[in-house]
Protein chains: 4
Amino acid sequence: MSATFGNKIKVTLFGQSHAQAIGAIVDGVPAGIFIDEERLSAFMDRRRAKDELATKRQEADKVLIKSGVVNSVTCGAPLCLMIENKDTRSQDYSNVAMVPRPSHSDFAAFVKYGGNNDIRGGGQFSGRLTAAMCAAGFICLEILRARGIEIVSHVSRIGAVSDEKLNQLKADDAVNKKLLASSFPVISEVAKDKMREEVLRAKSEGDSVGGEIECAVYNLPAGLGSDFFGSLESLIASAVFSVPAVKGIEFGAGFEFAQMWGSVANDSFILDENAQVVTDSNNCGGILGGISSGLPLIFKSAFKPTPSIAKAQRSVDLKDNKETELIIKGRHDPCIVPRACAVIEAVTAIALVNADGFVI
Amino acid sequence: MSATFGNKIKVTLFGQSHAQAIGAIVDGVPAGIFIDEERLSAFMDRRRAKDELATKRQEADKVLIKSGVVNSVTCGAPLCLMIENKDTRSQDYSNVAMVPRPSHSDFAAFVKYGGNNDIRGGGQFSGRLTAAMCAAGFICLEILRARGIEIVSHVSRIGAVSDEKLNQLKADDAVNKKLLASSFPVISEVAKDKMREEVLRAKSEGDSVGGEIECAVYNLPAGLGSDFFGSLESLIASAVFSVPAVKGIEFGAGFEFAQMWGSVANDSFILDENAQVVTDSNNCGGILGGISSGLPLIFKSAFKPTPSIAKAQRSVDLKDNKETELIIKGRHDPCIVPRACAVIEAVTAIALVNADGFVI
Amino acid sequence: MSATFGNKIKVTLFGQSHAQAIGAIVDGVPAGIFIDEERLSAFMDRRRAKDELATKRQEADKVLIKSGVVNSVTCGAPLCLMIENKDTRSQDYSNVAMVPRPSHSDFAAFVKYGGNNDIRGGGQFSGRLTAAMCAAGFICLEILRARGIEIVSHVSRIGAVSDEKLNQLKADDAVNKKLLASSFPVISEVAKDKMREEVLRAKSEGDSVGGEIECAVYNLPAGLGSDFFGSLESLIASAVFSVPAVKGIEFGAGFEFAQMWGSVANDSFILDENAQVVTDSNNCGGILGGISSGLPLIFKSAFKPTPSIAKAQRSVDLKDNKETELIIKGRHDPCIVPRACAVIEAVTAIALVNADGFVI
Amino acid sequence: MSATFGNKIKVTLFGQSHAQAIGAIVDGVPAGIFIDEERLSAFMDRRRAKDELATKRQEADKVLIKSGVVNSVTCGAPLCLMIENKDTRSQDYSNVAMVPRPSHSDFAAFVKYGGNNDIRGGGQFSGRLTAAMCAAGFICLEILRARGIEIVSHVSRIGAVSDEKLNQLKADDAVNKKLLASSFPVISEVAKDKMREEVLRAKSEGDSVGGEIECAVYNLPAGLGSDFFGSLESLIASAVFSVPAVKGIEFGAGFEFAQMWGSVANDSFILDENAQVVTDSNNCGGILGGISSGLPLIFKSAFKPTPSIAKAQRSVDLKDNKETELIIKGRHDPCIVPRACAVIEAVTAIALVNADGFVI
């Protein structure tokens with residue numbers, strides 16, 4: 001536990017990969033908001049597995065709105081967003097029940113839950129749960145969108161291939177539009193082709209590959225967030241690390257700061273053409289003292305390669321405490337990074353609507 | 001706001017750099033724990049500014065225990081840990097009131113608080129608040145220590161200079177002992193000398209320099225933490241990003257994962273000499289599925305250079321909305337990274353005692 | 001909002017009276033607990049409308065366990081407990097949309113939600129939601145039962161008719177067994193008959209009647225709860241007042257204390273036949289300083305009469321801001337108190353598993 | 001534990017009766033609010049022991065504002081409000097350490113804290129802690145007052161003597177003004193004299209007496225609070241039961257509802273002289289469906305008699321597990337109800353600023 005995030009718009013997740021359903025309760029959504037099911041469906045589609053780059057498990061990911069909405073408009077009651085699991089093949093997991101998959105949650109979950117954890121499809125640790133995050137995040141994205149705040153992300157790296165950076169100083173509408181329409185969002189088409197090759201190469205070898213996602217929030221007003229434990233970095237990191245496979249996050253220049261001197265790192269304040277206070281660089285990633293500065297909020301997150309690979313791996317049989325070789329069956333993504341872009345946007349939205357100073 | 005962290009041992013911070021006092025309330029500490037004030041004082045001392053590498057502001061950082069302890073033993077009531085501010089020179093800040101320091105909290109705080117924020121010494125955004133984090137963290141560190149859990153950190157980088165890595169697979173007692181006794185903890189003495197040079201060079205130029213801290217938790221039992229929003233990464237990141245100047249965090253291989261393939265990245269399960277299940281590498285940093293695996297929990301955090309530098313900088317005068325040049329007075333650290341090691345250990349302890357499955 | 005209660009076992013409610021479904025997410029339930037669906041069904045049945053004393057709306061209240069349970073055993077993931085709404089007649093509410101029912105939530109909800117609240121069947125304010133409370137509470141009751149803790153309640157008053165008191169000093173197994181098997185639990189059969197008459201009389205006049213429920217928790221160990229805001233009274237009251245129609249709660253002697261002197265009110269400590277420390281009376285209702293004393297925890301809650309009555313009432317038409325007469329259609333309970341006993345037991349269990357010191 | 005209340009303006013209490021200090025951290029107070037120390041002092045004074053009706057322990061209760069306020073104006077950082085304990089006589093408690101006082105927290109605290117609880121003056125369970133509640137509550141009262149919301153209370157009963165009721169339909173400014181200026185607020189002077197006699201009679205016999213406080217919130221806008229667990233009754237009850245000695249609370253007609261029929265209990269909606277929707281009675285105490293209705297919010301709370309009385313009482317010596325007679329030394333109030341009025345107002349304010357829909 002803790003399936004619940006936020007203290008203004010509270011999101012509570014539920015479900016396991018092969019349970020009857022997964023979903024989210026979204027509590028605190030103001031009454032009177034129109035829920036556009038077509039837009040919701042389009043957003044869910046960006047995360048869905050569709051092609052050769054992804055798992056063969058095919059789920060429609062239709063979001064059933066069980067409560068909180070009357071005639072397409074929120075009524076103030078919590079929204080129950082439910083997605084049924086249909087294409088499950090639980091038998092694939094018979095051999096992993098007692099032989100933990102390397103770098104997967106199996107072993108830690110086995111210890112924590114005394115062997116009662118749901119091993120089928122990764123149980124509650126499955127990337128499948130990110131569909132529920134997307135459903136809940138969509139509601140938050142819509143609330144932000146109504147205020148002109150736009151969250152956009154792209155695959156900034158897969159293996160050895162990296163993409164260009166998002167605009168660090170202001171929204172580039174054409175780029176954003178393109179990225180938000182894609183289920184494999186990359187700025188440079190050349191980079192995208194190379195990334196695709198890298199994924200297919202890993203796949204053909206029964207392997208997987210990691211990557212990075214860069215995410216930006218444009219038009220976020222200055223003054224959101226807080227000092228102490230309520231910093232925007234704390235809030236966003238807390239949400240982003242709930243996404244399976246994320247192992248790092250950095251805001252603005254992030255780890256590059258470690259090698260920089262203050263005179264180079266500092267973002268000078270200047271006046272823009274409208275006499276508004278802005279900065280001439282954005283190494284701070286739009287956050288000063290834990291509070292939004294008015295510049296684009298920018299962060300990168302690092303994803304480890306999918307731990308479930310087809311290659312034989314060493315592991316231990318927990319039943320008789322012997323080392324063994326493990327061959328993983330099941331259907332897995334060779335690279336989950338493209339599908340994770342929508343998820344990162346979703347959890348960022350969930351975090352931001354709960355930022356100090358954001359009035360619901 | 002949010003000055004409060006945790007749901008088992010709740011830590012609430014208060015104070016500003018030049019307020020009468022700073023401090024922390026620590027609620028949920030079991031009754032009957034001996035509080036060793038000498039050990040507390042020694043821990044506080046690791047964070048204190050002492051030499052030429054640090055600010056000239058000299059504070060004794062004596063922790064006054066105002067409540068919760070009777071005859072050196074906790075009584076079950078919340079501990080009020082208070083540190084008085086004594087060596088304040090508020091007049092140094094007269095010129096920054098309306099001219100925000102680049103990359104400092106000033107501008108964002110000005111917007112958030114409508115100009116009522118406490119500008120003196122950085123107010124509640126000051127690194128001074130980390131003394132309160134240390135006082136609260138000490139209590140949590142003692143709770144962990146009583147269970148054999150050890151948290152240790154070192155300066156893994158300052159500018160261009162990097163240190164060796166901590167042992168990723170098991171505690172190296174000699175190294176840990178040395179680091180925990182130091183207020184500038186570095187494994188390699190050679191690296192330490194070079195780091196010192198780098199800091200002094202920055203200082204002599206009226207500049208500052210960033211760095212990294214690597215932190216390890218040894219002997220953490222498997223099974224702590226949670227799926228969903230309660231992952232250890234979420235919990236620790238949320239605490240660590242509350243430390244001023246932290247702009248990045250990565251667990252285990254972190255951002256290196258992005259360039260790795262699964263077959264290389266995965267940590268194989270093996271049996272150690274005691275027939276315990278361990279892994280032969282620790283790229284996952286001791287966390288699987290958000291839950292501790294029993295291996296050392298390892299993460300790195302990135303610090304930006306102190307934004308307050310002596311060099312002239314560009315900024316904007318908010319009173320008449322004109323660009324201007326800013327010369328910052330006041331006493332500042334050319335590099336806060338060495339002093340931040342104790343802080344990182346403290347907030348990590350605060351996070352861990354609140355991990356799911358940690359029974360208080 | 002706040003659909004979520006608790007910080008150890010978190011219960012999140014969702015649904016409206018005429019939504020597709022109502023339900024609860026129960027997060028933090030330990031893995032490995034057997035969920036006996038027959039017992040669950042029997043518990044739900046105690047709250048169900050069944051006879052002439054209750055509404056004619058007939059719902060099976062079958063609890064669908066959508067997640068968190070594998071082969072009847074909890075797996076550590078949150079439980080999604082869902083109950084579908086079937087016997088809805090939304091057209092009954094056409095005339096109350098703009099004419100608020102006296103003493104019902106309509107008017108306050110109209111203001112809060114700007115007219116977007118779900119008026120059908122009372123929306124999220126409906127007593128129907130207590131079915132979801134019962135489903136979630138059942139899980140908590142089972143956790144308590146496994147530790148020998150028993151919660152029992154009875155209708156202590158309906159209108160002018162009152163029942164005997166529960167045993168204030170120790171469990172009376174025969175009485176408890178009888179009460180827990182009944183959907184109209186009353187100790188005295190004579191009182192029960194008179195209560196039934198009172199309800200039928202109110203019903204025949206198109207009216208409704210209020211009542212009281214006395215609830216006891218037997219075998220609760222001493223030492224649970226807390227000082228400050230974590231008192232057992234705070235915790236239980238907070239849960240009990242979430243039940244629609246509850247307008248008062250008192251622990252032990254409650255409001256009678258106001259007329260007592262200390263020498264009479266105080267419960268003297270004595271040794272029982274097993275040399276255990278007990279008290280010779282239980283005016284404090286088993287709670288001292290917010291903490292359980294080891295004596296039975298006893299409280300009473302007061303229910304207002306169902307506001308939906310068949311008699312014509314005065315109200316205001318909000319559309320044209322004119323006073324008007326309102327005739328309420330729909331199917332309503334003349335007295336909800338008997339059905340509320342299971343609900344009070346459920347929310348008390350939800351509160352207690354979240355008490356300070358209760359180790360999950 | 002739980003020393004913290006609220007999720008918008010968080011109040012964290014600390015201290016014990018004979019600790020160096022007691023106090024509160026108030027987090028989330030907007031920047032820019034003028035803190036009038038004279039008004040604060042006057043409010044604290046209403047709770048202070050002053051005359052023959054109260055304990056002889058004399059404390060100045062001067063509130064030291066250690067942080068969060070610069071030049072009498074809040075700066076956005078948490079306020080640390082500290083009150084030093086000065087007139088302590090810890091030796092008085094030597095004999096109660098192992099002989100729990102009947103109906104006092106001693107026994108339950110002994111079990112909970114394993115004998116490490118602070119027995120001096122009742123430790124953290126002492127009524128003295130209500131001074132910290134008042135200091136924190138004052139800040140919240142000022143926030144409410146700035147919006148025209150007024151909280152007023154009076155002693156509605158002591159023993160056999162009861163006062164008139166507060167106006168249930170609208171504020172009576174003359175009455176309110178008188179009550180808010182008094183440290184023994186009673187509407188009827190005749191009742192007040194009789195109450196005083198009752199207290200003095202109890203005192204002269206070495207005894208104590210209980211009572212009731214009626215509290216009203218005038219000018220509270222409709223639409224605050226929530227369905228589910230966020231009802232105003234839940235929120236206020238949770239805060240009020242944190243006050244030592246409170247054992248019951250009822251809203252509006254409260255326990256009288258149990259004997260009423262719906263047609264009598266229901267508050268009809270009418271239009272007032274300004275064509276505003278009001279009700280012609282206020283049995284619901286200004287709360288419908290957990291949400292404020294716009295009518296005065298009214299509740300009563302019941303106080304048990306001070307358990308510390310001078311008369312000899314039976315108890316058990318926990319050291320040798322033998323029944324014994326206990327004579328309590330120390331200085332105690334024969335009736336704490338008059339002093340508790342300011343406390344009830346304070347915690348009600350703390351609750352209301354955290355109500356759903358209250359925009360800070």
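Note that the coordinates shown come from a computational prediction; the quantities given were computed from them, not determined experimentally. All chains use their own residue numbering, which begins from 1 and follows the written sequence. Chain letters and ligand numbers both follow the written order, the letters beginning at A and the numbers at 1. A pLDDT threshold of at least 70 governs which residues receive local features in this predicted model, and a stricter bar of 80 or more applies before side-chain atom pairs are shown or counted, although totals over entire chains, interfaces and linings include all residues. Computation of side-chain values covers all heavy atoms of the structure but excludes hydrogens and water.

Colleague: Where do I start with the interface of chain A and chain B in this structure?
Modeller: Interface size is commonly expressed as the accessible area that is lost once the parts come together. In this complex, chain A contributes 104 residues to the contact, which on the side of chain B involves 105 residues. Two parts placed together each lose some accessible area under a 1.4 Å probe, and the buried area is that loss summed for both. Buried area between chain A and chain B, summed over both chains or domains, comes out near 8,200 Å², and the portion from carbon and sulfur atoms is 63%. One speaks of a salt bridge when a side-chain nitrogen belonging to Lys or Arg is within 4 Å of a carboxyl oxygen belonging to Asp or Glu. With a closest N to O distance of 2.9 Å, Glu233 of chain B and Lys247 of chain A form a salt bridge. Contacts described as polar in this section are N or O atom pairs within 3.5 Å, which, within protein, must combine one atom able to donate a hydrogen with one able to accept it, while residues neighboring in sequence count only if both atoms come from side chains. Scanning the region where chain A abuts chain B turns up 47 residue pairs in polar contact (both at pLDDT 80 or more). Numbering of helices and strands starts at the N terminus; helices are DSSP runs of H or I of at least 4 residues and strands are runs of E of at least 2. When residues in the side of chain A that touches chain B are grouped by element, the largest group, six residues, is from strand 11 (residues 246-251) of chain A. When grouped by side-chain class, the residues that make up the side of chain A that touches chain B number 48 nonpolar, 35 polar and 21 charged. Bridge count between strand 11 of chain A and strand 11 (residues 246-251) of chain B: three bridges; the pairing is antiparallel. Whether two residues touch is decided by their heavy atoms; if any such pair falls within 4.5 Å, the residues are in contact. Residues are sorted three ways: Asp, Glu, Lys and Arg are charged, Ala, Val, Leu, Ile, Met, Phe, Trp, Tyr, Cys and Pro are nonpolar, and all the rest, Gly among them, are polar. When DSSP finds at least two bridges between two strands, those strands are taken to pair.

Colleague: Quick question: what am I supposed to make of the nonpolar core here?
Modeller: Burial of nonpolar side chains together is a common tendency in soluble globular proteins. Only buried residues count toward a nonpolar core. Its members are Ala, Val, Leu, Ile, Met, Phe, Trp, Tyr and Cys residues joined through side-chain atoms within 4.5 Å. Burial classes: relative accessible area under 20% of the type maximum marks a residue as buried, over 50% as exposed, and values in between as partly exposed (1.4 Å probe, protein chains only). With 169 residues, the main nonpolar core has Ile249 of chain A together with Ile249 of chain B as its most contacted residues. In this structure, Val26, Met44, Ala132 and Cys134 of chain D belong to the second largest nonpolar core, which totals 168 residues.

Colleague: Can you help me understand the relation of the copies chain A and chain B in this one?
Modeller: The relation between the two chain copies is a rotation about an axis coupled with a shift along that axis. The atoms used to superpose the copies are C-alpha atoms, taken from residues with pLDDT of at least 70 in both, and the fit is least squares. For the pair chain A and chain B, the relating rotation is 180 degrees, the translation along its axis is 0.0 Å, and the fit reaches an RMSD of 0.0 Å. Overall, the copies show the geometry of a two-fold rotation axis. Taken as a fraction of all interface residues of chain A, those also at the interface in chain B reach 100%, which identifies the copy contact as same-surface.

Colleague: Explanation requested: the sheet that holds strand 3 (residues 21-27) of chain C in the structure shown.
Modeller: Strand-to-strand pairing in sheets goes through backbone hydrogen bonds, with the strands running parallel or antiparallel. Read from one edge of the open sheet, five strands run 1-2-3-7-4 (chain C), paired in antiparallel fashion. Two strands bound the open sheet, and with one partner strand each, they are strand 1 (4-5) and strand 4 (64-67) of chain C.

Colleague: Can you help me understand helix 8 (residues 337-352) of chain D in this one?
Modeller: Between the first and last C-alpha of helix 8 of chain D there are 22 Å, a value that for 16 residues agrees with the 22 Å anticipated at 1.5 Å per step. With 16 of 16 residues buried, helix 8 of chain D lies mostly within the body of the structure. Helices are assigned an expected span. That span is 1.5 Å times one less than the residue count.

Colleague: Help me understand the interface of chain B and chain C in this model?
Modeller: Listed as interface residues are four residues of chain B and, on the opposing side, four residues of chain C. Scanning the region where chain B abuts chain C turns up zero salt bridges. Across the contact surface, chain B and chain C share zero residue pairs in polar contact (both at pLDDT 80 or more). Residue composition of the side of chain B that touches chain C, by class: three nonpolar, one polar and no charged.

Colleague: Even after reading the chapter, I still don't get the relation of the copies chain B and chain C, so can you show me in this structure?
Modeller: With an axial shift of 0.0 Å and an RMSD of 0.0 Å, the rotation relating chain B to chain C amounts to 180 degrees. Most of the interface of chain B is mirrored in chain C: 100% of its interface residues are interface residues there too.

Colleague: Where do I start with the packing of helix 6 (residues 232-240) of chain C against helix 6 (residues 232-240) of chain D in this structure?
Modeller: Geometry of a packed helix pair, given as the angle between the helix axes and the separation of the axes. Where helix 6 of chain C meets helix 6 of chain D, the axes come as close as 8 Å, and the angle between the chain directions of the two elements is 175 degrees. The angle between the axes of helix 6 of chain C and helix 6 of chain D places the two elements in the roughly antiparallel class. On helix 6 of chain D, the residues that touch Ser234, Ala237 and Ser238 of chain C of helix 6 of chain C are Ser234, Ala237 and Ser238 of chain D. Tallied by class, the residues present in the contact of helix 6 of chain C with helix 6 of chain D amount to two nonpolar, four polar and no charged. Every axis in this analysis is a line fitted to C-alpha atoms, fitted for helices over the stretch in contact. Angles between the N-to-C directions lie between 0 and 180 degrees. The cut-offs work like this: below 35 degrees is roughly parallel, past 145 is roughly antiparallel, 65 to 115 is roughly perpendicular, and the gaps in between are oblique.

Colleague: I'm lost on the environment of Arg314 of chain D in this one. Help?
Modeller: As for its position among the elements, Arg314 of chain D is in strand 17 (residues 313-317). The exposure class of Arg314 of chain D is partly exposed, given its relative accessible area of 43%. In this structure the C-alpha to C-alpha distance between Arg314 of chain D and Arg47 of chain D, which are 267 residues apart in sequence, comes to 31 Å. Discounting residues that sit within four places of it in the chain, Arg314 of chain D has contacts with Ser268, Phe269, Ile270 and Asp280 of chain C together with Pro102, Glu323 and Thr324 of chain D.

Colleague: Is there a simple way to explain the packing of helix 3 (residues 130-145) of chain B against helix 8 (residues 337-352) of chain B in this structure?
Modeller: Residues and elements named next belong to chain B. Two elements in contact, helix 3 and helix 8, have axes whose closest approach is 7 Å; the angle formed by their N-to-C orientations is 55 degrees. What the angle tells us is that helix 3 and helix 8 run oblique. Helix-helix and strand crossings are classified by hand; for helix 3 and helix 8 the assignment is left-handed. Along the contact surface, helix 3 presents Thr130, Met133, Cys134, Ala136, Gly137, Cys140, Leu141 and Leu144, while helix 8 presents Ala342, Val343, Glu345, Ala346, Val347, Ala349, Ile350 and Leu352. When the residues that make up the contact of helix 3 with helix 8 are grouped by side-chain class, the tally is 13 nonpolar, two polar and one charged. Here a crossing is taken to be left-handed if its near helix is turned anticlockwise relative to the far helix by less than a right angle, and right-handed if that turn runs clockwise.

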